[in-house]
Amino acid sequence: METENLDKEIARKSAIVYLAITAIMALLFFVVTGLMGTYPMVARIGGVMWISLLTLIVSMPLVITSMKKRIKGTKRN
Amino acid sequence: MTKLEDQRSISFPVQGMTCASCVSHVESALMELPGVSDVVVNLGTNKASLNFDPTLVNVTDFQKAVSNSGYTVPTQEMNLHVSGMTCASCVDHVERALNELPGVTSASVNLGLEKARVQYIPEVVTASQMKRAVRDVGYEAVEQDTAVDNLDRERKVREDEIRRQGRNLIIAGTIGVLVMIGTFYDMLGPFQSIVPKFLSYKWVLGLLTTPIVFGPGRQFFVNSWRGLKHGVTDMNLLYATGIGASYGIAVINTLFPNAGFGGEGATFFESAALLTAFIVLGRWLEALTRGRTSEAIRKLMKLQPKVANIIRDGHEITIPADEVETGDLIAVRPGESIPVDGMVQDGYSAVDESMLTGESLPVEKKAGDAVIGGTINKTGAFKFVATKVGKDSALAQIIKLVEDAQASKAPIQKLADWVAGHFILGVHLLAVLVFIFWFFIGYDLFFDAGSRFILSPFALGDIGVFGFSLLLSVTVLVISCPCAVGLATPSAMMAGTGKAAEFGVLFKGAEAIEKASKIQTIVFDKTGTLTKGEPSVTDIVTSLENNVPNKNQQMKILRFTAIAEQNSEHPLGEAIVRGANTNDLELSAPEWFNSIPGHGVEAKIEGVAVLVGNRKLMSERSIDFRTLMSQAEKLETEGKTVMFVALDGQPAGLIAVADTLKETSVEAIRRLRQMKLETVMITGDNRRTAEAIARQVGIDQVLAEVLPQDKAEEVKKLQALGKRVAMVGDGVNDAPALAQAEVGIAIGSGTDVAKETGDVILIKSDLNDVIVALEVARATMNKVKQNLFWAFIYNTLGIPLAAGFLYPALRLVVSPEVASAFMAISSVSVTLNTLLLKGFSPSTQRKVKRTGRDTVAANQFSASTTSSD
């Protein structure tokens, strides 16, 4: 039971972090393409989606692993 | 703090791993559990092994951790009929007894039905262990339904996977071909008339591709999501993003052609369909070939006899072989397998031990001889007493050694796993960079609507910035799959250890193979390794008139000396008596006998006064041996001990005794030198004797007068010179040197200590097997290097190509489906290359085959025909 609660806590905290990273990257892409002014809206939206997906894929395992270490390490100590 | 003795080891199967990154995920998941250490997960064997503290963690925790990572520990169910239970507490006892067994994940007992339903991990706990546990708490247990044995189950799992991927391949392949035909409809030329036009409509292509993506392709999405949820990225993620992106963009461009994602010119339905088909093809081929590298284990397991005919109360009854207990008397008839290890009590036969030792000739067995379980009785019938059963038997230990070796990781494999494990994240990062480069910079600078796909007659067409950047980004993901990197080392190691076991050479780990392949110097212990380890008669020199060698005279001297020495317990006397027995000489009792301590013996035999002893004894008795003295000195220079024999006060001859070389020693050393290896002999003997032996055998360097405790120090000195050293030995005193050397090779007939210390065990005591070990190790490491080359070359060449490095110059793009074909080829080429090891035959075996295996073991002593001249 305790392990399950711990896993939930890790999942929740990790999700906040990797979703934030993803959102920042997506926003950054959207803003940059807007500032450059030459890209059609659909290309910008498509780019935002692709960048978001890849950022999510890259950040999820990294964030979850480090969160696991941090939270489990804290509990053990 | 857990004490070392509280630690337990366990090895269990893990299903669902496809690549090196899966390995590292399962390893991390298990390592995170409290009380767990030394986790090793092997992709080739699909097994995890670890040490754990049973007070902190149990098998169910392992199962949960593995399943949380997106993989499974397969379990099996078995029903036991339990008799003798009368109440609820009996139920509790039986349940507890079963649940306490490591490997049992759950056990529930039904009193009314007298039935225990046990969920267990088959490779961790056996049916007989469960039955024994129930018996130990006072009840009787019988299997209600025969569980499919390990081998069948393993084969079934593989066959299921082959069938599943085969079904997926038929769906994805068949529909994929239709999608391809439809996509390239305009290029069909004269064949257009036989293909319906509607097949080229985008929405039809979409309808055809959808079942591929959500049918055979579903496994990649499900597995990658399951992994991602736990912070795990694996090969499935690469496939899922590749297939998903191709399909998603194709759907958008079909439904909303004016959305600006490239329109109808950028519908990648054929990419999504063929990508799935090629990946599934790779999975199917992998499932087809992967299991074949563990044939050796399967062959060894098949040797385990199923039944034994034991004699109880004078009656012969047949019982399952795993229920034989130590001390049982077992009857074996011609043609039957010997069920367990034991000692022959009665009868005579020849037993084929080739399956375990590689020795082609049947070995004679009589009362007092040891027999090995799993070998086959050829000619006669005999009875034997079981001495080792179950996991203690020689066959079980050989299987365990090979399994452990196959489950272990070579240093090179650890590196490959690490690279592959971190590769996937790196590839996704690269895909982001590729997309950003082509989106912001590359498209404007280099894009040309006339660009073509590699290995395709089609032009890219009018594709927008997003479509083009996405295409290159997806292709990078698909072409980068490192599954071949993950398979390269373990598959070769499995094949190599298995191949070595076929020839009677057991490697204890993959690391031993890697180190053995790099050995430069081999140190041999002398006694028992190069030599037979017991003195025997080597020369008989007679003192004759006319200098004519006379066999009869030699045998006469040998017989008289043997009779005189019959009561002697001196090793030299025993050697002479053995020599006489080997030559079938009849030994009567002496009429009179006297031992002269420190000098020799004297006796009266058939009226002749026989005096046998050293030079000093002869001098004291004023017997003049001057005519034979040069012969005596020559023999002593060869490291032999010379005994002088006088008959009726006259010099009659000399008998030389020495520890003789094994029949195979000279040939083995010659071959090792041919392999450009330095050979060294280490012995406690004096230098003259040691050098004489070394000359006979052809050894390069002699380390003489070395005390047993200093052998390891001598090995260390060689290592200090920068040499990579293997030590071959058999005795307890060799153990430190075996441990000190890079590779310790223990002779099978040697002590248990030596075998436990050695990294390699030669089941036979044939030194030619040292060559087998080194040749197999070299062949295996060559295969590993070739595999890693094939695995990396695709990625090294493919990734820059897919990322568009050559696009500015050549205007060529790799399509995702071609990328997936490359990726599948790399996995399959690695696996097929490994399978070539199955045909490997060591040079010693090649020679045996050429000469028709007609070499007769030259164990008989034949007296030298040397005479005084």
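Along every chain, residues carry numbers that run from 1 in the direction the sequence is written. Just so you know, chain letters begin at A and ligand numbers begin at 1, following the order they were written in. At least 70 in pLDDT is required for a residue's local features to be given in this predicted model, at least 80 for side-chain atom pairs to be given and counted, and no such filter applies to totals for whole chains, interfaces and linings, which use all residues. Heavy atoms from the whole structure form the basis of all side-chain values; hydrogens and water molecules are not counted.

Section: the overall build of chain A
What counts, and what does not: A run of DSSP states H or I qualifies as a helix once it reaches four residues; a run of E qualifies as a strand once it reaches two. Both are numbered from the N-terminal end. We call a residue buried when its accessible area falls under 20% of the maximum for its residue type, exposed when it is over 50%, and partly exposed in between, using a 1.4 Å probe and counting protein chains only. Contacts between residues were defined by any pair of non-hydrogen atoms, one from each residue, lying within 4.5 Å. Here the open area of atoms and residues is found with the Shrake-Rupley method and a 1.4 Å probe, where only the protein chains shown may cover a residue.
Looking only at helices and strands, chain A has two helices and zero strands in total. Counting the 77 residues in chain A, one finds 40% classified as buried. Taking all contacts inside chain A whose residues are at least 6 apart in sequence as the whole, residues at least 24 apart take part in 76%. Only carbon and sulfur atoms are counted for the fraction: they give 69% of the accessible area of chain A, which is about 4700 Å².

Observations concerning the overall build of chain B
When you go through chain B residue by residue, the secondary structure sums to 30 helices and 31 strands. Within chain B, the proportion of its 869 residues that are buried is 55%. Partitioning the intrachain contacts of chain B with sequence separation of at least 6 by distance along the chain shows that 69% fall at a separation of at least 24.

Things to note about a nonpolar patch on the surface
All names here are of chain A. Under the convention used in this document: Each patch is built from residues lacking any salt bridge and having more than 30% relative accessible area; the joining distance is 9 Å for like charges and 5 Å for nonpolar side chains (Val, Leu, Ile, Met, Phe, Trp, Tyr). Salt bridge, as used here: a side-chain nitrogen of Lys or Arg that lies within 4 Å of a carboxyl oxygen of Asp or Glu.
A cluster of nonpolar side chains, Phe30, Met41, Ile45 and Met49, forms an exposed patch at the surface whose accessible area comes to about 360 Å². For the nonpolar patch, the leading source of residues is helix H2 (residues 41-76), giving three residues. As for its placement among the helices and strands, Met49 is situated in helix H2.

Quick look at the sheet that holds strand S3 (residues 47-52) of chain B
Residues and elements named next belong to chain B. Put simply, the rule reads: Strands pair, by our definition, only if DSSP identifies at least two bridges between them. Axis lines are fitted through C-alpha atoms, for helices just across the contact stretch, and the angle between N-to-C directions can take any value from 0 to 180 degrees.
What the three strands build is an open sheet, ordered S1-S3-S2; its pairing is antiparallel. On the outer flanks of this sheet lie strand S1 (8-13) and strand S2 (36-42), each paired with one strand and no other. Each strand axis lies, on average, 15° off the axis of its neighbour in the sheet, ignoring direction. When S2 meets S3, the two strands line up antiparallel, connected through five bridges. Bridge pairing links Asn42 to Lys47 in S3. In the packing of helix H2 (residues 59-68) onto the sheet, the strands contacted are S1, S2 and S3, and the crossing angle to S1 comes to about 45°.

What about helix H18 (residues 551-565) of chain B?
What counts here: To estimate how far a helix should reach, multiply one less than its number of residues by 1.5 Å.
Compared with an ideal rise of 1.5 Å per residue, which puts 15 residues at 21 Å, H18(B) spans 21 Å between its outermost C-alpha atoms and is within 8% of the ideal. Where H18(B) is concerned, the buried positions are B:Gln554, B:Met555, B:Ile557, B:Leu558, B:Phe560, B:Thr561, B:Ala562, B:Ile563, B:Ala564 and B:Glu565.

Comments concerning the interface of chain A and chain B
Many analyses report the size of an interface as the accessible area lost when the parts associate. Threshold: Two parts lose some accessible area (1.4 Å probe) when they are put together, and adding that loss for both gives the buried area. Side-chain atoms alone can form a polar contact between residues adjacent in sequence; in general such a contact is a pair of N or O atoms within 3.5 Å, and within protein one must be able to donate a hydrogen while the other accepts it. Only Asp, Glu, Lys and Arg are considered charged in this grouping, and only Ala, Val, Leu, Ile, Met, Phe, Trp, Tyr, Cys and Pro are considered nonpolar; every other residue, Gly among them, is considered polar.
Across the boundary between the two partners, chain A contributes 24 residues, which contact 30 residues of chain B. Both faces combined, the contact of chain A with chain B buries some 2300 Å², and carbon together with sulfur accounts for 78% of it. Considering only the surface of chain A that becomes buried against chain B, A:Tyr39, A:Trp50 and A:Ile57 emerge as the three largest contributors, covering 27% of it. Here chain A is connected to chain B by zero salt bridges. Seen at the junction of chain A and chain B, the total is two residue pairs in polar contact (both at pLDDT 80 or more). For the side of chain A that touches chain B, the secondary structure elements donating two or more residues are helix H1 (2-36) and H2 of chain A. In terms of residues, the side of chain A that touches chain B owes the most to one element, H2(A), which gives 18 residues. Here the side of chain A that touches chain B is built from residues that sort into 16 nonpolar, four polar and four charged.

Quick look at the nonpolar core
Where we set the bar: What we call a nonpolar core is a set of buried Ala, Val, Leu, Ile, Met, Phe, Trp, Tyr and Cys residues that are connected through their side-chain atoms within 4.5 Å.
In terms of nonpolar packing, the biggest core is built from 82 residues, with B:Phe12, B:Leu30 and B:Phe507 touching the most fellow members. In terms of residue count, the dominant contributor to this core is helix H27 (residues 768-802) of chain B (twelve residues). Grouped together as the second largest cluster of nonpolar side chains are 72 residues, A:Phe29, B:Phe447, B:Phe466 and B:Val476 included.

Some details on the environment of A:Met67
Mapped onto the elements of the fold, A:Met67 is located in helix H2. Note: C-alpha distance between A:Met67 and A:Lys13 (54 residues apart in sequence) is 7.6 Å.

Description of the sheet that holds strand S8 (residues 307-312) of chain B
All names here are of chain B. Here we have six strands laid out as an open sheet, ordered S9-S8-S10-S16-S11-S14, and antiparallel in their pairing. The sheet is open, and its two edges are formed by strand S9 (315-320) and strand S14 (370-371), each paired on a single side. Both strand S10 (residues 329-332) and strand S16 (residues 382-388) contribute to a ladder of four bridges, which runs antiparallel. Bridge assignment links Leu329 to a residue of S16, and that residue is Val385.

Thoughts on the side chain of A:Arg44
Which entries qualify depends on this criterion: Within this scheme the basic residues Lys and Arg register as positive and the acidic residues Asp and Glu register as negative, but His and the chain ends are omitted.
Mapped onto the fold, A:Arg44 is located in helix H2. No salt bridge forms around the buried A:Arg44; measuring N to O, its nearest opposite-charge neighbour B:Asp444 is 13 Å away. Polar side-chain contacts of A:Arg44 include one of 2.8 Å to the backbone oxygen of A:Phe30.

Quick notes on the pattern of salt bridges
Enumeration according to the criterion identifies 25 salt bridges over all chains in this entry. Via salt bridges that share partners, B:Glu316, B:Arg333 and B:Glu336 belong to a single interconnected network.

Some details on H2(B)
All names here are of chain B. Selection criterion: Each direction from the helix axis to a C-beta atom contributes to the arc, which is the arc of those directions.
Every buried residue belonging to H2 is among Val59, Phe62, Gln63, Ala65 and Val66, and all of these are buried. Down the axis of H2, the smallest arc covering the buried residues is 165°, so these residues share one side. Phi turns positive, to about 100°, at Gly70, one or two residues after H2.

Structural notes on the pairing of strand S28 (residues 725-729) of chain B
Residues and elements named next belong to chain B. The buried fraction of S28 amounts to five of the five residues, a majority that puts the element mostly inside the structure. Burial along S28 is two-sided: the face carrying Val725, Met727 and Gly729 and the face carrying Ala726 and Val728 are both buried. Here strand S19 (residues 521-525) runs beside S28; their pairing, made up of four bridges, is parallel. If you follow Val523 over to S28, its bridge partner there is Met727. Here S28 pairs with strand S29 (residues 743-747) via four bridges, running parallel. Its bridge partner lying in S29, Gly729 is registered against Ala746.

Quick word on the confidence of the model for chain B
We apply this condition: For every residue, the predictor states its confidence as a pLDDT score lying anywhere from 0 to 100.
Residues of chain B with pLDDT of at least 70 account for 84%, and the chain-wide mean is 79. Under a pLDDT of 50 for its full length, residues 849-869 of chain B has, in the predicted model, 46 contacts with residues more than four places off or in other chains.

A short note on the pairing of strand S23 (residues 608-613) of chain B
Residues and elements named next belong to chain B. Counting buried positions along S23 yields five of six residues, so the element is predominantly enclosed. When strand S22 (residues 600-605) meets S23, the two strands line up antiparallel, connected through six bridges. Its bridge partner lying in S23, Val601 is registered against Val612. Hairpin connection from S22 to S23: two residues lie between these consecutive antiparallel strands, with Glu606 at a positive phi of about 50°.

Side note on unusual backbone geometry
All names here are of chain B. Of note in this structure, Asp313 is not a glycine but carries a positive phi near 50°. Note on Asp313: relative accessible area 76%, which makes it exposed. Non-glycine residue Lys676 carries a positive phi angle of around 65°. Mapping Lys676 onto the fold places it in the loop between helix H22 (665-674) and strand S26 (678-682). We classify Lys676 as exposed; its relative accessible area is 75%.

Remarks on the packing of H18(B) against helix H19 (residues 571-582) of chain B
All names here are of chain B. Our working rule: Orientation labels follow simple angle bins: below 35 degrees gives roughly parallel, above 145 gives roughly antiparallel, 65 to 115 gives roughly perpendicular, and whatever is left gives oblique. Crossing chirality is assigned from the near helix's rotation relative to the far helix, an anticlockwise turn below a right angle marking it left-handed and a clockwise turn marking it right-handed.
Packing of H18 against H19 leaves a shortest axis separation of 8 Å and a crossing angle of 130°. With respect to H19, the element H18 is oriented oblique. Seen along the crossing, H18 lies across H19 with a hand that is left-handed. Between H18, through Leu558, Thr561, Ala562 and Glu565, and H19, the contact on the second element is made entirely by Gly573, Ile576, Val577, Gly579 and Ala580.

Some thoughts on the packing of aromatic side chains
To keep it simple, the criterion reads: Only Phe, Tyr and Trp rings are paired, with Trp represented by its six-membered ring, and only when their centres lie within 6.5 Å; those with planes under 30 degrees apart are stacked, over 60 edge-to-face, the remainder tilted. In this scheme, Lys NZ or Arg CZ marks a charge over a ring once it lies within 6 Å of the ring centre and within 35 degrees of the ring normal.
Inspection of every chain in the model, using the stated rule, returns 24 aromatic pairs over all chains. Centroid distance B:Tyr443 to B:Phe447: 4.6 Å. Interplanar angle 20°. Geometry classified as stacked. Taking the ring centre of A:Phe30 as reference, the NZ or CZ of A:Arg44 above it sits at 4.0 Å. Across from the ring centre of B:Tyr807, 5.6 Å away, lies the NZ or CZ of B:Arg811, which sits over that ring.

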